[in-house]
Amino acid sequence: MKEDTPIVFFCPGLLGISRDRYAYKFCKMALKRCGWRSFVYHRRLLLNEPKGNVMNSYTTNDDWVVVLNQVKKLFPSATIYMVGVSMGALNIQRYLIDYSADPIVKGAVTISSPWNAKMISDMVMNSKLLCRMMLPSQLRMIRQHMHSEKFLEKVKSKGIDLDRVFASKTNREFDQLFSVPDIQLKHSDEYYARLTAHDGVQKISVPLLAINSLDDTLIPRRNIPEEEIVKNPNVVQLMVAGGGHIEYFHGLKRSFVRLD
């Protein structure tokens, strides 16, 4: 490829990695349809033992700056774009807010973003089905590192009680017992405030296409800050009639039935 071939930074959902089929399929699509390079961003804890002081990187957007600067160093003449789904979409929106002065990327697409992390946390906590879907995966993320002495030492230094973490009954308990002390906060509400994007839309300084579905059972329309979005000419919010939650990878013909 030419050195100025565009590059797509792809951020998967809550526990997504490059091995997930939808991540692989997206990168394949970017190459086949556009002839673009792409790569999948891996959060801390999901694969290798985390380096540095912070274990959980959902709010660690300076990691993204390191990655993007490295990509720019390798391909200085290439334009970089971002695409994210679900939690990855929310992470991208928050990154564009926090680094609006110099986002490095030229534009982004977010699919099925929750926008408001606190509201989604409330929904999951109050749904036994959603808790059964998400909490075991979050606990498994920690369990895979239990063999590492460095990891256990880091956990202990932060005052995290893993017995209590593994006894969590809801996602809120998990975040309060693990995610919150990891980044030295006091309450889960502070943690969700660092994740959320609905109250910072005005700061986004590059073109952003946000796509949400009207039949998304996880993210109701009330989560989307439509009044704030229309005030920022850089942001376009597209509501599609069907597609559920990140089911757009099944084919555009199924999802783009009607614009609302």
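Structure's up top.
Residues numbered from 1 in each chain as written. Predicted model: local features only at pLDDT ≥ 70, side-chain atom pairs only at ≥ 80, totals over all residues. Heavy atoms only, no water.

(A) Summary view of unusual backbone geometry. In this model, leucine 45 sits at a positive phi of 80 degrees, which is unusual for a non-glycine residue. Relative to the assigned elements, leucine 45 resides in the loop between strand S2 (37-40) and helix H2 (62-74). Residues other than glycine seldom take positive phi values, yet serine 86 does so here, at roughly 55 degrees. (Helix = DSSP H or I, 4+ residues; strand = E, 2+ residues; numbered from the N terminus.)

(B) How the structure looks around the pairing of strand S5 (residues 208-213). Counted residue by residue, S5 has five buried out of six residues, so it is predominantly covered. As paired elements, strand S4 (residues 107-111) and S5 share four bridges and run parallel to each other. Following the sheet pairing, threonine 110 is matched in S5 by alanine 210. (Buried < 20%, exposed > 50% of the residue type's maximum accessible area, 1.4 Å probe, protein only. Pairing = 2+ DSSP bridges.)

(C) A look at the sheet that holds S2. With parallel pairing, six strands are arranged side by side in an open sheet as S2-S1-S3-S4-S5-S6. The outermost strands of the open sheet, each flanked by one partner alone, are S2 and strand S6 (235-240). On average, each strand axis in the sheet is tilted by 15 degrees relative to the strand beside it, whichever way the strands run. Sheet topology places strand S3 (residues 80-85) next to S4; five bridges connect them, and they run parallel. Across the sheet, the residue bridging to valine 83 is valine 109, located in S4. (Axes fitted to C-alpha atoms, helices over the stretch in contact; angles between N-to-C directions.)

(D) The packing of helix H4 (residues 117-125) against helix H9 (residues 188-195), seen in detail. Two elements in contact, H4 and H9, have axes whose closest approach is 8 Å; the angle formed by their N-to-C orientations is 125 degrees. Taken together, the axes of H4 and H9 are oblique relative to one another. On H9, the residues that touch Ala117, Lys118 and Ser121 of H4 are Asp189, Tyr192 and Leu195. Looking at the contact of H4 with H9, its residues break down into three nonpolar, one polar and two charged. (Parallel < 35°, antiparallel > 145°, perpendicular 65-115°, else oblique. Contact = heavy atoms within 4.5 Å. Nonpolar A, V, L, I, M, F, W, Y, C, P; charged D, E, K, R; others polar.)

(E) Fine view of a positive patch on the surface. A surface patch of positive charge is lined by Arg21, Lys25, Lys28, Lys32 and Arg33. Checked against the element boundaries, arginine 33 lands in helix H1 (residues 21-34). (Patch = residues over 30% accessible without salt bridge, like charges linked within 9 Å, V, L, I, M, F, W, Y side chains within 5 Å. Areas by Shrake-Rupley, 256 points an atom, 1.4 Å probe, with all protein chains shown as cover. Salt bridge = Lys/Arg side-chain N within 4 Å of Asp/Glu carboxyl O. Lys, Arg positive; Asp, Glu negative; His and termini not counted. Charge placed at Lys NZ, Arg CZ, Asp CG, Glu CD.)

(F) Broad picture of the packing of aromatic side chains. A full pass over the atoms with the stated rule returns 11 aromatic pairs. Look at phenylalanine 9 and tyrosine 41: their rings are 5.4 Å apart centre to centre, the planes differ by 20 degrees, and that puts the pair in the stacked class. You can see phenylalanine 9 sitting in strand S1 (residues 7-11) and its partner tyrosine 41 sitting in the loop between S2 and H2, a full 32 residues away along the chain. Here phenylalanine 9 falls in the buried class, since its relative accessible area comes to 0%. Pairing tyrosine 95 with tyrosine 99 gives two aromatic rings, centres 5.1 Å apart and planes at 25 degrees, and the pair type is stacked. (Phe/Tyr/Trp six-rings, centres within 6.5 Å; stacked < 30°, edge-to-face > 60°.)

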